[in-house]
Amino acid sequence: MSWHQGLLVSFDLETTGTDVEQDRIVTAAVIRLEGDGRAAGQQTWLLDPGVPIPEEATAIHGISTAYVQEHGRPPATAIDEITEALAESLSADIPLVVMNARYDLSLLDRECRRHGVRTLSERLGREPAPVIDPLVLDKHVDRYRKGKRALQALCGHYGVRLEGAHEAGADAAAAAGVARRIGATYPAVAIPSPRDLHALQEQAAAEQAASFQAYLRRSGDPEAIVEPAWPLIPYQAGS
């Protein structure tokens, strides 16, 4: 049986911005999904990140600074729970679906370090795996398709329903749906072992980063650096 026919756990964050080194978690969701797509369990978190939520971020996910100050949980406690939920799944070798994993997992790693919480890698004793990233897979199987590849665009392309975009639970469920559709559509990635799929994505993500880096240089931006590591950007002390 291929990974796309079995149990998956899907993870998503909504945050204060797009900088993994500086921005903070606002909401998180971890959803356990049976092989037929039914939700077998869901955990969600609302955090008070301890910093103002920029208006542009609120415009995307609808959560304001005032709201999290009234209803949000202390970040250290919530981040510990989020990370432990992911560690439990990965320790059991349940594939973890994360749309643009390089962003969500790296930001979670930095939040752990910021609040003195053990990171996901520390809990596992290794780098997070197996991870399934619909963004990396889609670029790998359909490299030359034009157009956007954000989650909403991928849902439209693969015929996956997305209710309540930019709500962490809805986005997590939709990401898992997209991943399953890719696995069902492309035999090249419908391989039995999620760990073999993880290794394939590591190589694919590095190739995609190199290609984008070359594009930036051709476009006259030689100073830009595209991070090739996946699914976790390595931490550099002092960053």
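The rules we used
- Residues numbered from 1 in each chain as written.
- Predicted model: local features only at pLDDT ≥ 70, side-chain atom pairs only at ≥ 80, totals over all residues.
- Heavy atoms only, no water.
- Axes fitted to C-alpha atoms, helices over the stretch in contact; angles between N-to-C directions.
- Helix = DSSP H or I, 4+ residues; strand = E, 2+ residues; numbered from the N terminus.
- Parallel < 35°, antiparallel > 145°, perpendicular 65-115°, else oblique.
- Left-handed = near helix turned anticlockwise from the far one by under 90°.
- Contact = heavy atoms within 4.5 Å.
- Nonpolar A, V, L, I, M, F, W, Y, C, P; charged D, E, K, R; others polar.
- Expected span 1.5 Å × (residues − 1).
- Buried < 20%, exposed > 50% of the residue type's maximum accessible area, 1.4 Å probe, protein only.
- Pairing = 2+ DSSP bridges.
- Polar contact = N/O pair within 3.5 Å; in protein donor to acceptor, adjacent residues only side chain to side chain.
- Salt bridge = Lys/Arg side-chain N within 4 Å of Asp/Glu carboxyl O.

(A) Fine view of the packing of helix 6 (residues 134-141) against helix 8 (residues 168-185). Their axes nearest at 9 Å, the elements helix 6 and helix 8 cross at an angle of 30°. Put simply, helix 6 runs roughly parallel to helix 8. Crossing hand, helix 6 versus helix 8: left-handed. Contact residues: helix 6 offers Pro-134, Leu-137, Asp-138 and Val-141, while helix 8 offers Ala-175, Val-178, Ala-179 and Ile-182. Residue composition of the contact of helix 6 with helix 8, grouped by class: seven nonpolar, no polar and one charged.

(B) Layout of helix 3 (residues 75-91). A rise of 1.5 Å per residue sets the reference length of helix 3, with its 17 residues, at 24 Å; its end C-alpha atoms lie 24 Å apart and thus fit the reference within 8%. Restricting attention to buried positions, one finds in helix 3 the residues Pro-75, Ala-78, Ile-79, Ile-82, Thr-83, Ala-85, Leu-86, Ala-87, Ser-89 and Leu-90. On its buried face, helix 3 is in contact with strand 1 (8-15), strand 2 (25-33), strand 3 (39-46), strand 4 (96-97), helix 4 (101-114) and helix 5 (120-124).

(C) Main features of the sheet that holds strand 4. Read from one edge to the other, the open sheet built from five strands follows the order 3-2-1-4-5, with strand pairing classed as mixed. Where the open sheet ends on each side, the last strands, each with one partner, are strand 3 and strand 5 (131-132). Bridge analysis of strand 1 against strand 4 gives two bridges, and the strand direction is parallel. Of the residues in strand 4, the one forming a bridge with Ser-10 is Val-97. Each of strand 1, strand 2, strand 4 and strand 5 is contacted by helix 4, which is oriented at about 70° to strand 1, the strand it contacts most.

(D) Structural context of the pairing of strand 3. In this sheet, strand 3 lies alongside strand 2 in antiparallel orientation, the contact comprising seven bridges. Bridged to Arg-32 within strand 3 is Gly-41. Between strand 2 and strand 3, which pair antiparallel one after the other, the connecting turn spans five residues, and Gly-37 there sits at a positive phi close to 95°.

(E) Region of interest: helix 6. For helix 6, every residue scored as buried is listed here: Pro-134, Leu-135, Val-136, Leu-137 and Asp-138. Looking at the buried positions of helix 6, the neighbouring elements they touch are strand 4, strand 5, helix 7 (151-158), helix 8 and helix 9 (194-218).

(F) Up close: the environment of Asp-133. Its place among the elements puts Asp-133 in the loop between strand 5 and helix 6. Residue class for Asp-133 comes out buried when judged on its relative accessible area of 1%. Residues Asp-133 and Gln-201, spaced 68 residues apart in sequence, show a C-alpha to C-alpha distance of 7.8 Å. Setting aside residues no more than four positions away along its own chain, Asp-133 makes contact with Val-98, Met-99, Asn-100, Ala-101, Arg-102, Gln-201 and Trp-230. In terms of polar contacts, Asp-133 uses its side chain to reach the backbone amide nitrogen of Ala-101, at 2.8 Å.

(G) Expanded view of the pattern of salt bridges. Within this structure, the stated rule accounts for 13 salt bridges. Of the charged contacts in the structure, one is a salt bridge between Arg-123 and Asp-80, with a shortest N-O distance of 2.6 Å. Taken together, the positions of Arg-123 in helix 5 and Asp-80 in helix 3 put the pair 43 residues apart, joining distant regions of the chain. Notably, a salt bridge pairs Asp-138 with Arg-149, separated by 2.6 Å at the nearest N-O pair. One end of the pair, Asp-138, is in helix 6; the other, Arg-149, is in the loop between helix 6 and helix 7, with 11 residues separating them in the sequence. Taken together, the salt bridges that share partners define one network made up of Glu-21, Asp-109, Arg-110 and Arg-113.

(H) Highlighting the pairing of strand 1. Burial analysis of strand 1 places eight of its eight residues in the buried class, which makes it a mostly covered element. Residues Leu-8, Ser-10, Asp-12 and Glu-14 line one face of strand 1 and the alternating positions Val-9, Phe-11, Leu-13 and Thr-15 line the opposite face, and both faces are buried.

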